[in-house]
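For reference, the chains in residue letters:
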Amino acid sequence: MKKAAATRLMILTKAFELIYVKGYQTTSIDDIIATTKVTKGAFYYHFKNKDEMGLAILQEILKPALANSFIQPLQHPANPLDAIFDLMHRLLMENEFLKVEYGCPAANFTHEMTPWNSDFRQVLDEITQEWETAMVAAIERGKEKGLIRKDVSAKQVTLFVMSGYWGIRNFGKLENSKSIYLPYLKELKNYLNNLA
């Protein structure tokens, strides 16, 4: 990797880590420069402004990480209901990238930025749509294989599961404890079992 590209990636990675902890709007360019130890000139060489950097974080850091963690496990599961539960369990209880005290980075960006910035809204909507599409497709495949009842609406199930995930992430932030996730996971298991 060329030095300029390596510097740019380092800025994005460190800025993302800082924003995940502090929030986007409360993280200043000066905070990012202090954390990354690059000069102001180096920052502005790579990004015109903070929002350009924020969009690059979404596209180049968050989108690939979420595709790997949220979407890939739903691509070709033997049983989609098991895959959905296992995905939620891994995301909530095992994933080291997602911290209970800071919640879901995509949800954080959504809460903070979509009312104010249409470019952020578009990228975050793309990320959400990719996850939704993957889950709907997995459920439809499960229906075709006879693993899920034919009368089940894949779209409704997907929206229910996704909204439950985002909601319980917020409870986790409030409680600062993964123990709050356990009742959600137990009830999710019951719900998914009723779809078979």
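About the thresholds
- Residues numbered from 1 in each chain as written.
- Predicted model: local features only at pLDDT ≥ 70, side-chain atom pairs only at ≥ 80, totals over all residues.
- Heavy atoms only, no water.
- Helix = DSSP H or I, 4+ residues; strand = E, 2+ residues; numbered from the N terminus.
- Buried < 20%, exposed > 50% of the residue type's maximum accessible area, 1.4 Å probe, protein only.
- Contact = heavy atoms within 4.5 Å.
- Lys, Arg positive; Asp, Glu negative; His and termini not counted.
- Charge placed at Lys NZ, Arg CZ, Asp CG, Glu CD.
- Phe/Tyr/Trp six-rings, centres within 6.5 Å; stacked < 30°, edge-to-face > 60°.
- Axes fitted to C-alpha atoms, helices over the stretch in contact; angles between N-to-C directions.
- Parallel < 35°, antiparallel > 145°, perpendicular 65-115°, else oblique.
- Nonpolar A, V, L, I, M, F, W, Y, C, P; charged D, E, K, R; others polar.
- Expected span 1.5 Å × (residues − 1).
- Arc of directions from axis to C-beta.
- Core = buried A, V, L, I, M, F, W, Y, C linked by side-chain atoms within 4.5 Å.
- pLDDT = per-residue confidence, 0-100.

## Let's talk about the overall build of the chain
Then, number 1: Within the chain one finds nine helices and zero strands.
Then, number 2: The proportion of buried residues among the 196 residues of the chain is 45%.
Then, number 3: For the chain, restricting intrachain contacts to residue pairs at least 6 apart in sequence, the fraction spanning at least 24 positions comes to 72%.
Then, number 4: For the chain, the separation between the mean place of its 24 positive charges and that of its 22 negative charges on side chains is 3 Å.

## A look at the packing of aromatic side chains
Then, number 1: Tallying each qualifying case throughout the model produces 13 aromatic pairs.
Then, number 2: Consider the rings of Phe-16 and Phe-97, whose centres lie 5.6 Å apart with planes at 10°: the pair is stacked. Placement of the pair is Phe-16 in helix H1 (residues 3–22) and Phe-97 in the loop between helix H5 (80–94) and helix H6 (105–113), with a sequence separation of 81 residues.
Then, number 3: Overall, the relative accessible area of 4% leaves Phe-16 in the buried class.

## With respect to unusual backbone geometry
Then, number 1: Notably, Lys-37 is not glycine yet its phi reads approximately 60°, a positive angle.
Then, number 2: The residue Lys-37 is located in the loop between helix H2 (29–36) and helix H3 (40–46) in this model.
Then, number 3: One non-glycine residue, Asn-176, adopts positive backbone phi at about 50°.

## Considering the packing of H1 against helix H4 (residues 50–71)
Then, number 1: Their axes nearest at 10 Å, the elements H1 and H4 cross at an angle of 95°. With respect to each other, H1 and H4 are oriented roughly perpendicular. Counting all contacts with H1, which are made through Arg-8, Leu-9, Leu-12, Thr-13, Ala-15, Phe-16 and Ile-19, the residues of H4 involved are Met-53, Ala-56, Ile-57, Glu-60, Ile-61 and Leu-62.
Then, number 2: Split by residue class, the contact of H1 with H4 holds 10 nonpolar, one polar and two charged.

## Observations concerning helix H9 (residues 181–193)
The periodicity of an α-helix, 3.6 residues per turn, causes residues three or four positions apart to be oriented the same way.
Then, number 1: When the terminal C-alpha atoms of H9 are compared, their 18 Å separation across 13 residues agrees well with the 18 Å that a helix rising 1.5 Å per residue should span.
Then, number 2: Residues of H9 that are buried include every one of Tyr-181, Tyr-184, Leu-185, Leu-188 and Leu-192, and no others. Angularly, the buried residues of H9 cover 95° about the axis, an arc narrow enough to put them on a single face. In H9, the exposed positions that point more than 90 degrees away from the buried face belong to Pro-183 and Lys-186.
Then, number 3: At its buried positions, H9 is contacted by H5 and helix H8 (154–175).

## Thoughts on the side chain of Arg-169
Then, number 1: Topologically, Arg-169 is positioned in helix H8.
Then, number 2: Setting aside chain neighbours within four positions, we find Arg-169 in contact with Leu-91, Leu-92, Leu-98, Lys-99, Val-100, Gly-103, Cys-104 and Tyr-181.

## Remarks on the nonpolar core
Note on soluble globular proteins: their nonpolar side chains tend to be buried together.
Then, number 1: By size, the foremost hydrophobic cluster in this structure holds 63 residues, and its most contacted members are Met-88, Phe-109, Trp-131 and Tyr-165.
Then, number 2: For this core, the elements supplying multiple residues, two or more each, are H1, H2, H4, H5, H6, helix H7 (118–144), H8 and H9.
Then, number 3: For this core, the element with the highest residue contribution is H4, accounting for 10 residues.
Then, number 4: The contacts of Phe-109, once residues within four sequence positions are left out, are Ile-19, Tyr-24, Ile-57, Leu-58, Leu-62, Thr-114, Phe-120 and Leu-124.

## Description of the confidence of the model for the chain
Then, number 1: Per-residue pLDDT for the chain has a mean of 93; in total, 99% of the residues score no lower than 70.
Then, number 2: The least confident element of the chain, judged by mean pLDDT, is H6 at 84; the most confident is H9 at 97.

## Comments concerning the environment of Cys-104
Then, number 1: For Cys-104, the position within the fold is in the loop between H5 and H6.
Then, number 2: Each C-alpha atom of the pair Cys-104 and Asn-170 lies 8.2 Å from the other, and the pair is 66 residues apart in sequence.

## Concerning H1
Then, number 1: Here H1 contains 20 residues, and its C-alpha end-to-end distance of 28 Å stays within 8% of the 28 Å for a straight helix at 1.5 Å per residue.
Then, number 2: Those residues of H1 that sit buried are Thr-7, Ile-11, Leu-12, Ala-15, Phe-16, Leu-18, Ile-19 and Tyr-20.
Then, number 3: Check the buried side of H1 and you find it contacts H2, H3, H4 and H6.
Then, number 4: Gly-23 lies just past H1 and shows a positive phi near 100°.

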